[in-house]
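Read off the chains here:
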Amino acid sequence: MAHYTDIVFAAEWPFWLFFLLSLVTLIVFFTLRERKIRRASAKEITKTHALINLELHAFQAQMDPHFIFNSLNAIHHYILTTSTDMASLYLTRFSRLMRLMIGNFNKEWISLQDELDALELYIQLEQLRFDEQFNYQLIVGPEVNPQFTLIPPLIIQPYVQYAIWHRILLRPEKSGGQLRITLSKENDRLQIQLEDNGILITEMLDGTGERQASGIDIASERLYMMSEKYQMKASIKSLQVYNEEREPSGNRLIISMQHVAARQSLAG
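Presented here is an overview of the structure given in this document. None of the values given here were measured: they were computed from a predicted structure.

Let us look at the overall build of the chain. What the chain contains, in helices and strands, is seven helices and seven strands. Element order for the chain, N to C, with α for helix and β for strand: α-α-α-α-β-α-β-β-α-β-β-α-β-β. Out of the 268 residues belonging to the chain, those deemed buried represent 40%. Across the chain, the fraction of contacts at a sequence separation of at least 24, relative to all contacts at a separation of at least 6, is 73%.

Our next topic: the environment of Ile192. Structurally, Ile192 is set in strand S5 (residues 189–196). The class for Ile192 is buried, based on a relative accessible area of 0%. Taking C-alpha positions, Ile192 is 10.0 Å from Ile139, a pair spaced 53 residues apart along the chain. Residues in contact with Ile192, not counting those within four places in the same chain, are Ile156, Thr182, Leu183, Leu253, Ile254, Ile255 and Met257.

With 21 residues, helix H4 (residues 84–104) should cover 30 Å at 1.5 Å per step; its first-to-last C-alpha distance of 30 Å lies within 8% of that length. By the burial criterion, the buried members of H4 are Ala87, Tyr90, Phe94, Leu97, Met98, Met101 and Asn104. Buried positions in H4, seen along its axis, are confined to an arc of 140 degrees and lie on one side of it. Of the exposed residues in H4, those oriented more than 90 degrees away from the buried face are Thr84, Asp85 and Arg99. Immediately beyond the C-terminal end of H4, within one or two residues, lies Asn106, with a positive phi of roughly 70 degrees.

Our focus in this paragraph is the nonpolar core. Judged by nonpolar contacts, the single largest core of 53 residues is most densely connected at Leu97, Ile123, Val160, Leu179 and Met257. Those residues in contact with Leu97, other than ones at most four positions away along the chain, are Phe67, Ala118, Leu121, Tyr122 and Leu125.

On to the packing of aromatic side chains. The tally for this structure, following the rule as stated, stands at one aromatic pair. Both rings, one in Trp109 and one in Tyr230, keep their centres 5.2 Å apart while their planes meet at 70 degrees; by these two values the pair is edge-to-face. Within this pair, whereas Trp109 is found in the loop between H4 and strand S1 (110–111), its partner Tyr230 is found in helix H7 (residues 207–230), the two being separated by 121 residues in sequence. Classification of Trp109 as buried rests on a relative accessible area of 12%. Taking the relative accessible area as the measure of exposure, Tyr230 reaches 17% and is therefore buried. Over the aromatic face of Tyr242 sits the side chain of Arg246, whose NZ or CZ is 5.0 Å from the ring centroid.

Reading across from one edge, S2-S4-S5-S7-S6 is the order of the five strands in this open sheet, with mixed pairing throughout. Looking along the sheet, the strands with just one partner apiece sit at the ends: strand S2 (134–140) and strand S6 (235–242). In this sheet, neighbouring strand axes are inclined to one another by 15 degrees on average, regardless of whether the strands run parallel or antiparallel. Sheet topology note: the S2/strand S4 (residues 177–186) ladder contains seven bridges and is parallel. Bridge pairing links Leu138 to Ile181 in S4.

A separate point is helix H6 (residues 156–168). Here H6 spans 17 Å end to end across 13 residues, near enough to the 18 Å set by a 1.5 Å rise per residue. By the criterion of burial, H6 is predominantly enclosed, with 13 of the 13 residues buried.

The subject of this paragraph is a nonpolar patch on the surface. There is a patch of nonpolar side chains on the surface, built from Leu20, Leu23, Val24, Ile27, Val28 and Leu32 and spanning about 500 Å² of accessible area. Within the fold, Leu20 resides in helix H2 (residues 15–62).

Packing of helix H5 (residues 112–129) against H6 leaves a shortest axis separation of 10 Å and a crossing angle of 20 degrees. Relative to H6, the element H5 is oriented roughly parallel. When you trace H5 past H6, the crossing you get is right-handed. Facing Glu115, Leu119, Tyr122, Ile123, Glu126 and Arg129 of H5, the residues of H6 in contact are Ile156, Gln157, Val160, Gln161, Ile164 and Trp165.

Another aspect to go through is the pairing of strand S7 (residues 248–258). When S5 meets S7, the two strands line up antiparallel, connected through eight bridges. By the bridge assignment, Arg189 is partnered in S7 with Gln258. In terms of strand pairing, S6 meets S7 through eight bridges, oriented antiparallel. Across the sheet, residue Ile236 finds its bridge partner in S7, namely Ile255. Turn length for the S6-S7 hairpin, with the two strands adjacent in sequence and antiparallel, is five residues, and the turn residue Arg246 shows positive phi of about 65 degrees.

Here is what the cut-offs are and how they apply
- Positions within a chain are numbered from 1, following the residues in the order the chain's sequence is written.
- Local features in a predicted model are, by the rule used here, given only for residues with pLDDT of at least 70; side-chain atom pairs are given and counted only at 80 or more, and totals for whole chains, interfaces and linings are based on all residues.
- Side-chain descriptors were evaluated using all non-hydrogen atoms of the structure, hydrogens and water having been removed beforehand.
- Think of it this way: any DSSP run of H or I at least four residues long counts as a helix, any run of E at least two long counts as a strand, and we number them from the N terminus.
- To sort residues, take the accessible area from a 1.4 Å probe on protein chains only and compare it with the maximum for the residue type: under 20% means buried, over 50% means exposed, and anything in between is partly exposed.
- Note on contacts: a residue pair qualifies if any of its non-hydrogen atoms lie within 4.5 Å across the two residues.
- To estimate the expected span of a helix, count its residues, drop one, and scale the result by 1.5 Å.
- Directions are taken from the helix axis to each C-beta atom, and the arc is the one they span.
- Residues belong to one nonpolar core when they are buried, are Ala, Val, Leu, Ile, Met, Phe, Trp, Tyr or Cys, and are joined through side-chain atoms within 4.5 Å.
- Each pair of aromatic rings taken from Phe, Tyr and Trp, with Trp reduced to its six-membered ring, is defined by centres within 6.5 Å and is described as stacked if the planes are under 30 degrees apart, edge-to-face if over 60, and tilted in the remaining cases.
- Working rule: Lys NZ or Arg CZ, within 6 Å of ring centre, within 35 degrees of ring normal, means a charge sits over the ring.
- Two strands qualify as a pair provided DSSP detects at least 2 bridges between them.
- To obtain an axis, a line is fitted to C-alpha atoms, over the contacting stretch when the element is a helix, and the angle between two such axes runs from 0 to 180 degrees between their N-to-C directions.
- The patches reported here contain residues having more than 30% relative accessible area and no salt bridge. Joining distances are 9 Å for like charges and 5 Å for nonpolar side chains (Val, Leu, Ile, Met, Phe, Trp, Tyr).
- Only the protein chains shown count as cover for residues, and all accessible areas are computed by the Shrake-Rupley method using a 1.4 Å probe.
- For this document, the term salt bridge refers to a Lys or Arg side-chain nitrogen within 4 Å of an Asp or Glu carboxyl oxygen.
- Convention used here: angles under 35 degrees read as roughly parallel, angles over 145 as roughly antiparallel, angles from 65 to 115 as roughly perpendicular, and any remaining angle as oblique.
- We call a crossing left-handed when the near helix sits turned anticlockwise from the far one by less than a right angle, and right-handed when that turn is clockwise.

Below is the structure:
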């Protein structure tokens, strides 16, 4: 049986030329492979930096200076004119909310329970600040376990804030606002539904509305980046709500994502 080198020499290839071509081929292969690895690494670093930047902007949007200033001003008002008990209640809720916000900052995942705790504190503070112009309901379906469900932080609150500030509080009536938040699980997907009876989503926003819209833009971009990274298949959909006479009566937002359990491998 002929050896490999015999075949090479039979083809009139000098050994040194064959060796050189093999070496060049290996160098080209490993160079291209190294470039591919570097490009993939650079792409991943860029995504990570973008996500960190979005988290920072989301945190800044949540810690809105107007909300903080107005909350402290309301506490000061209660201390001077109304009731020290009310001031104490407001201050306690405000401090708990700040602690939760700061504690959840820079985390990719938190429990749904932590998110709902912070969300309720925020809504209750807005209720106090706006003299009970609206009521809210938070409904968690029996199939959802908030303690063992993970979601990205800073996702729900910007949409709730937008619904309060730029829909419910802009109603001609200064009372009777309704906000309902419903969480359910369908086909291993977590559904977060926000519904309000504020002005319709088709109506034009004023200047402050455009400024606040950046907060929900950041929230949606963060959710989609997390969805791409962890294959969550997230979606956000806005709809109008109609009454029995088929007249527009409110707004509905649905955030849907793959259910992630606390014991599930996020990298999987």
